[in-house]
Amino acid sequence: GAGVSQSPRYKVAKRGQDVALRCDPISGHVSLFWYQQALGQGPEFLTYFQNEAQLDKSGLPSDRFFAERPEGSVSTLKIQRTQQEDSAVYLCASSPRDRANEKLFFGSGTQLSVL
Amino acid sequence: GESVGLHLPTLSVQEGDNSIINCAYSNSASDYFIWYKQESGKGPQFIIDIRSNMDKRQGQRVTVLLNKTVKHLSLQIAATQPGDSAVYFCAERGTSYGKLTFGQGTILTVHP
């Protein structure tokens, strides 16, 4: 069966450029999460959706980061005016339950490099 | 959290040995813990979980032990195989709904 799909797999951006990262969760999964993983470190929470509602965005590092999930399925993480410190792997995860973060299923991530 | 850069703890074992990976967690209010395996270029893969009202849980070739007194979590892998080579992360759920906090990770290398 299809897992969590993320695109693009790799993204190279020039500093100051806007980027959009897409996540297709497992069909029917209620909860969706975005995490940021720097090289050599564990994933760090960015934001969480239950259906289309963004219930927690406390991990977004600045107002340049914006996430949406308008129809409760596909989600997009947008980063405006990218900076070099934004370079990381951005992981999306989904969970089937409305009680979140039990058995998260992760995608392979989008590796963002800001030059 | 603190950054340890590229200096992750490492564990090297021979194929067939048992492996034990340790993790210290920070939040005494955490009620749920998970171990993930991450291979190069892939996202974390769920291995096993445990709730705070338990101190041991077993899966296929894996056992998780939880010691709440000292806030310590361990993952035991029996008869380790080369395919087990990866980075292993523990994660905890605290009081923030929908948010997991990951540990720094341990690199496991299994030699044939």
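Starting afresh in each chain, residues are numbered from 1 along the sequence in its written order. Each chain is given a letter, starting from A, and each ligand a number, starting from 1, according to the order in which they appear as written. A pLDDT threshold of at least 70 governs which residues receive local features in this predicted model, and a stricter bar of 80 or more applies before side-chain atom pairs are shown or counted, although totals over entire chains, interfaces and linings include all residues. For side-chain calculations, the full set of non-hydrogen atoms in the structure is used, while hydrogens and water are omitted.

Asks: Would you explain the pairing of strand 3 (residues 19-24) of chain A in this entry?
Replies: Residues in a regular strand point their side chains to alternate faces of the sheet. Residues and elements named next belong to chain A. Classification of residues uses two cut-offs on accessible area relative to the type maximum, computed with a 1.4 Å probe and protein chains only: under 20% is buried, over 50% is exposed, and between them is partly exposed. Labels follow the DSSP assignment, with helices taken as runs of H or I lasting at least four residues and strands as runs of E lasting at least two, numbered in each case from the N terminus. Side chains Val 19, Leu 21 and Cys 23 project from strand 3 onto a buried face, and the interleaved Ala 20, Arg 22 and Asp 24 project onto a face without burial. Pairs of strands are assigned from DSSP output, requiring at least two bridges between the strands. Here strand 1 (residues 5-7) runs beside strand 3; their pairing, made up of three bridges, is antiparallel. Paired with Gln 6 across the strands is Cys 23, a residue of strand 3.

Asks: Help me out: how do you make sense of the side chain of Ser74(B) in this one?
Replies: With respect to the helices, strands and loops of the structure, Ser74(B) is situated in strand 7 (residues 72-77). Residues are treated as being in contact if the distance between any of their heavy atoms lies within 4.5 Å. Among all residues touching Ser74(B), those that are not within four sequence positions of it are Ile20(B), Ile21(B), Asn22(B), Trp35(B), Thr63(B), Val64(B) and Leu65(B).

Asks: Help me out: how do you make sense of the pattern of salt bridges in this one?
Replies: Opposite charge on two side chains permits them to pair, given that their charged atoms come into close proximity. All names here are of chain B. By definition here, a salt bridge exists when the distance from a side-chain nitrogen of Lys or Arg to a carboxyl oxygen of Asp or Glu is within 4 Å. In total, this model carries seven salt bridges over all chains according to the counting rule given. The partner of Arg 57 in a salt bridge is Asp 49, with the nearest N and O atoms 2.2 Å apart. Given a relative accessible area of 34%, Arg 57 falls into the partly exposed group. Put simply, Asp 84 and Arg 61 hold a salt bridge, and the shortest N to O gap is 2.9 Å. Here Asp 84, found in the loop between strand 7 and strand 8 (86-93), pairs with Arg 61, found in the loop between strand 5 (56-58) and strand 6 (62-67); they are 23 residues apart in sequence, far enough to count as distant.

Asks: Honestly, the sheet that holds strand 6 of chain B in this entry has me stumped. Any pointers?
Replies: Paired through backbone hydrogen bonds, the strands of a sheet run either parallel or antiparallel to each other. All names here are of chain B. Judged by pairing direction, the sheet is antiparallel, and its four strands sit side by side in the order 2-7-6-5 without closing on themselves. A strand with exactly one partner marks an edge of an open sheet, and here the two such strands are strand 2 (19-24) and strand 5. Averaged over all neighbouring strand pairs, the angle between strand axes comes to 15°, with direction disregarded. Where strand 6 and strand 7 come together, six bridges link them in antiparallel fashion. Considered in strand 7, the bridge of Asn 67 is made with His 72. To get an axis, a line is fitted to the C-alpha atoms, and for a helix only the part in contact is used. The angle between two axes follows their N-to-C directions and goes from 0 to 180 degrees.

Asks: Looking at this model, I keep getting lost on the environment of Pro61(A). Mind explaining?
Replies: Residue and element names in this part refer to chain A. Mapped onto the elements of the fold, Pro 61 is located in the loop between strand 6 (53-56) and strand 7 (65-68). Classification of Pro 61 as partly exposed rests on a relative accessible area of 48%. C-alpha of Pro 61 to C-alpha of Leu 104: the two residues are 43 residues apart in sequence and 22 Å apart in space.

Asks: Looking at this model, I keep getting lost on the packing of aromatic side chains. Mind explaining?
Replies: For any pair of aromatic rings, geometry is given as the distance between the ring centres together with the angle between the planes. Working definition: a ring pair exists when centres of Phe, Tyr or Trp rings (six-membered ring for Trp) sit within 6.5 Å. Plane angles under 30 degrees give stacked, over 60 give edge-to-face, the rest tilted. One pass over the full model with this rule turns up 11 aromatic pairs over all chains. Note on Tyr36(B) and Phe46(B): the rings are 6.3 Å apart at their centroids and 80° apart in plane angle, and the pair reads as edge-to-face. Here the residue Tyr36(B) occupies a position in strand 3 (residues 32-38), and Phe46(B) occupies one in strand 4 (residues 45-51), the gap between them amounting to 10 residues. Summarising the aromatic geometry, the rings of Tyr36(B) and Phe102(B) are spaced 5.6 Å apart at their centres and angled 40° between planes, so their arrangement reads as tilted. One end of the pair, Tyr36(B), is in strand 3; the other, Phe102(B), is in strand 9 (residues 100-102), and 66 residues separate them in sequence. With respect to class, Tyr36(B) is no different from Phe102(B); both count as buried. Joined through ring pairs, the aromatic side chains of Tyr35(A), Phe45(A), Phe106(A), Tyr36(B), Phe46(B), Phe89(B) and Phe102(B) make up one cluster. Consider the ring centre and the ring normal. A charge sits over the ring if Lys NZ or Arg CZ is within 6 Å of that centre and within 35 degrees of that normal. The side chain of Arg9(A) reaches across the aromatic face of Tyr10(A), ending 5.2 Å from its centre.

Asks: Explain unusual backbone geometry here, please?
Replies: Note on backbone geometry: most residues besides glycine have negative phi, and most peptide bonds are trans. The amide bond that connects Ser7(A) to the next residue, Pro8(A), takes the cis arrangement and shows omega of -5°. When you line up the elements, Pro8(A) lands in the loop between strand 1 and strand 2 (10-13). Although it is not a glycine, Arg81(A) adopts a positive phi angle of roughly 45°. At Arg61(B), a position not held by glycine, the phi torsion is positive, near 65°. Owing to a relative accessible area of 31%, Arg61(B) belongs among the partly exposed residues under this scheme.

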